[in-house]
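# A look at the structure
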Amino acid sequence: MDDLQNDLGPLDDLEDDNYSSEDNSSKEKSNLHVVYPMLAETSRETGFHRSTRACLEQIREALLHHRWQAAAEFMACYPQILEDPTIGASQQYKEVIWRMSAEILHNHPKSKMEDYNNIYERMKHSGVRHFLMISLEHSFHLMHHGHIEEAKHQLSVAESWRYGKESAAQFQKTKLIHAYRSLLDYIIWCDKKFTYSNNTEYYDLRDNQDMQNYFRQASVNLKEILKQPGVWDPFILSYVEMLEFYEDHEEALNVLNDYAYSDTHPRNPNAHVYLYQYLKRHGASERPLMKELKSLHLLVPSHELMPEYSALLLQSDEETDIQRALGVVLDLLDFACWRSNLDVWKLLKAIIQKLQLQEDWRNSVAEKMAARKDWWPALHFTRFHASKDAEENPELKGVKASLTKILCPDITLKYTA
């Protein structure tokens, strides 16, 4: 609620524009930022302004102390501020009223769906600037309560909304409305799929016309939104699931590859995870799988799939892959969250055992440990770690103790078996 001062703007927004030129010139000369207290009174402020400010203060206090009934009672009076013809920034007040009303309804124990619908409809038609975002929030609330068809209707109405230059200025928000409407088509498609799968009359759901209609409706806008820069994880997963269901594997791979590697989108670890999981589900060879995990490793070296990446590299017969597997596991153990993971330490031991079949294995280990020798002992091999591991996981202590001389040959460690 501390941001309400900024949301409502300075007090001058409430005042008449006919103030003296002397005051105006003095403001122009000053470079200092003037802070206007939200509830400050001035000689030019009317009784109406003082009443609405006092009402706003009561709402704020009620919200801060979670007195939702009191907040609702004061909130019923506060929208009078919109009737004031001297307001210079009424859109800001409309947004504040919208957000405070939604917050009260979300938390009031006796709020009903009818209350939500009433406030959202009132705020949608109180001004055009926030129409699309209020419609989107309204649909989210309906979705949350299971009213999927009604939520889709709200977004369909928003899709057809036009208001001159204002609608053109909100082009990106319109795209978002299209995307979420398609996501609702996907949700309905999933419901149909579940319903028909339990009906013995339908043997091949891919031929079901009802499901195909929702698939086509969802596909149109999902394909379009993916052309826009951004992180579109839920939309990608929905679209790929439908493509996979209809066995359009070529298009699914195109979508996933584009999402992972196109310069249009920001670098996103999840994009590589989705592509890797899809390839793995469909029996791809090890090389494509390792390619995706390599890209993921560059972005998130501590990712939970890195042990899987190391295991794949370990299965390879190429010497460079074994060395890369060593680097991947050591990168994992750089992070405290993996420090006591027995499987990772076992994997490190297996990699070193295979690496020892190479003539220059000592140089390979020394190269990877060169940047770590100053801080790894304190992270993994202190007397405290030895005592803790012996008590909590003796097997882990045994594995770690067998690697101390290999990883840190020039350092006397206090971590012993």
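As shown above, the structure is provided for reference.
Here's what I pulled together on the structure shown here.

Rules and cut-offs
- Residues numbered from 1 in each chain as written.
- Predicted model: local features only at pLDDT ≥ 70, side-chain atom pairs only at ≥ 80, totals over all residues.
- Heavy atoms only, no water.
- Helix = DSSP H or I, 4+ residues; strand = E, 2+ residues; numbered from the N terminus.
- Buried < 20%, exposed > 50% of the residue type's maximum accessible area, 1.4 Å probe, protein only.
- Areas by Shrake-Rupley, 256 points an atom, 1.4 Å probe, with all protein chains shown as cover.
- Core = buried A, V, L, I, M, F, W, Y, C linked by side-chain atoms within 4.5 Å.
- Contact = heavy atoms within 4.5 Å.
- Axes fitted to C-alpha atoms, helices over the stretch in contact; angles between N-to-C directions.
- Parallel < 35°, antiparallel > 145°, perpendicular 65-115°, else oblique.
- Left-handed = near helix turned anticlockwise from the far one by under 90°.
- Nonpolar A, V, L, I, M, F, W, Y, C, P; charged D, E, K, R; others polar.
- Phe/Tyr/Trp six-rings, centres within 6.5 Å; stacked < 30°, edge-to-face > 60°.
- Lys NZ or Arg CZ within 6 Å of the ring centre and 35° of its normal.
- Salt bridge = Lys/Arg side-chain N within 4 Å of Asp/Glu carboxyl O.
- Polar contact = N/O pair within 3.5 Å; in protein donor to acceptor, adjacent residues only side chain to side chain.
- Disulfide = S-S within 2.5 Å.

So, about the overall build of the protein chain. Of regular secondary structure, the protein chain possesses 23 helices and zero strands. Here the protein chain holds 417 residues, and the buried ones make up 44% of them. Of the roughly 23000 Å² of accessible surface on the protein chain, a fraction of 50% belongs to carbon and sulfur atoms.

Our next topic: the nonpolar core. Counting 87 residues, the largest nonpolar core has Trp 189, Trp 345, Leu 348 and Leu 407 as its most contacted members. The residues touching Leu 407, leaving out its near neighbours within four places in the chain, are Leu 330, Trp 345, Leu 348, Ile 352, Val 365, Met 369, Trp 376 and Phe 381. With 24 residues, the next largest nonpolar core counts Ala 62, Met 100, Tyr 120 and Ile 134 among its residues.

Contact geometry of helix α16 (residues 306-314) with helix α18 (residues 342-355) gives a least axis separation of 11 Å together with a crossing angle of 20°. Comparing their axes, α18 and α16 come out roughly parallel. Between α16 and α18 the crossing geometry is left-handed. Listed contacts from α18 to Pro 307, Ser 310, Ala 311 and Leu 314 of α16 are Val 344, Leu 347, Ala 350, Ile 351 and Lys 354. A class-by-class count of the residues in the contact of α16 with α18 yields seven nonpolar, one polar and one charged.

Moving on to the packing of aromatic side chains. Counting across every chain of the model gives 13 aromatic pairs. Ring geometry for Phe 381 versus Tyr 415: centroids 5.7 Å apart, planes at 75°, classification edge-to-face. Of this pair, Phe 381 sits in the loop between α20 (376-380) and α21 (383-392) while Tyr 415 sits in the segment after α23 (404-407); the two residues are 34 residues apart in sequence, bridging distant segments of the chain. The buried category is assigned to Phe 381, whose relative accessible area is 2%. Given a relative accessible area of 2%, Tyr 415 falls into the buried group. Joined through ring pairs, the aromatic side chains of Tyr 186, Trp 189, Phe 215, Phe 245 and Tyr 246 make up one cluster. One residue, Arg 99, lies across the ring of Trp 98, its end atom 4.2 Å from the ring centre.

Here Ser 364 is to be found in helix α19 (residues 361-369). Among the residues examined, Ser 364 registers a relative accessible area of 8% and is labelled buried. Along the chain, Ser 364 and Ile 322 lie 42 residues apart, while their C-alpha atoms are 10.0 Å from each other.

To continue, consider the pattern of salt bridges. Counted by the stated rule, this structure contains 19 salt bridges. Between Arg 60 and Glu 57 there is a salt bridge, and its shortest N-O distance comes to 3.1 Å. In this pair, Arg 60 and Glu 57 both sit in helix α3 (residues 47-64), three residues apart, roughly one turn of the helix. With respect to class, Arg 60 is no different from Glu 57; both count as buried. A salt bridge links Glu 224 to Lys 227, with the shortest nitrogen-to-oxygen separation between them at 3.2 Å. In this structure Glu 224 comes out as partly exposed when scored by relative accessible area, which is 30%.

This brings us to the side chain of Gln 154. Relative to the assigned elements, Gln 154 resides in helix α8 (residues 148-159). On the basis of relative accessible area, Gln 154 is assigned to the buried category, the value being 8%.

Among all positions in helix α22 (residues 394-401), only Leu 396, Lys 397, Val 399, Lys 400 and Ala 401 are buried. Of the surrounding elements, those touching the buried residues of α22 are α18, α20, α21 and α23.

In this section: the packing of α21 against α22. Between α21 and α22, the least distance of the axes is 5 Å, while the angle of their chain directions is 135°. By the angle between their directions, the pair α21 and α22 is classed as oblique. Two secondary-structure elements touch here, α21 through His 385, Ala 386, Asp 389, Ala 390 and Glu 392 and α22 through Pro 394, Leu 396, Lys 397 and Lys 400. Its residues assigned to classes, the contact of α21 with α22 shows four nonpolar, one polar and four charged.

Below, the discussion takes up the environment of Trp 375. Following the sequence through the fold, Trp 375 ends up in the loop between α19 and α20. Under the relative-accessibility criterion, Trp 375 is labelled partly exposed at 35%. Along the primary structure Trp 375 and Asp 334 are separated by 41 residues, whereas in three dimensions their C-alpha atoms are 9.6 Å apart.

With that out of the way, let us pick up the side chain of Asn 268. Mapped onto the elements of the fold, Asn 268 is located in the loop between α13 (249-261) and α14 (269-281). Side-chain polar atoms of Asn 268 contact the backbone nitrogen of Asn 270, separated by 3.0 Å. Sequence-distant contacts of Asn 268, defined by excluding residues within four places in its chain, comprise Val 231, Asp 233, Tyr 259 and Leu 299.

Below, the discussion takes up the state of the cysteines. Tallied over the full model, the rule gives zero disulfides. Just so you know, Cys 55 is unpaired, no disulfide at all, and the nearest cysteine sulfur is the one on Cys 77, 5.5 Å from it. The exposure class of Cys 55 is buried, given its relative accessible area of 11%.

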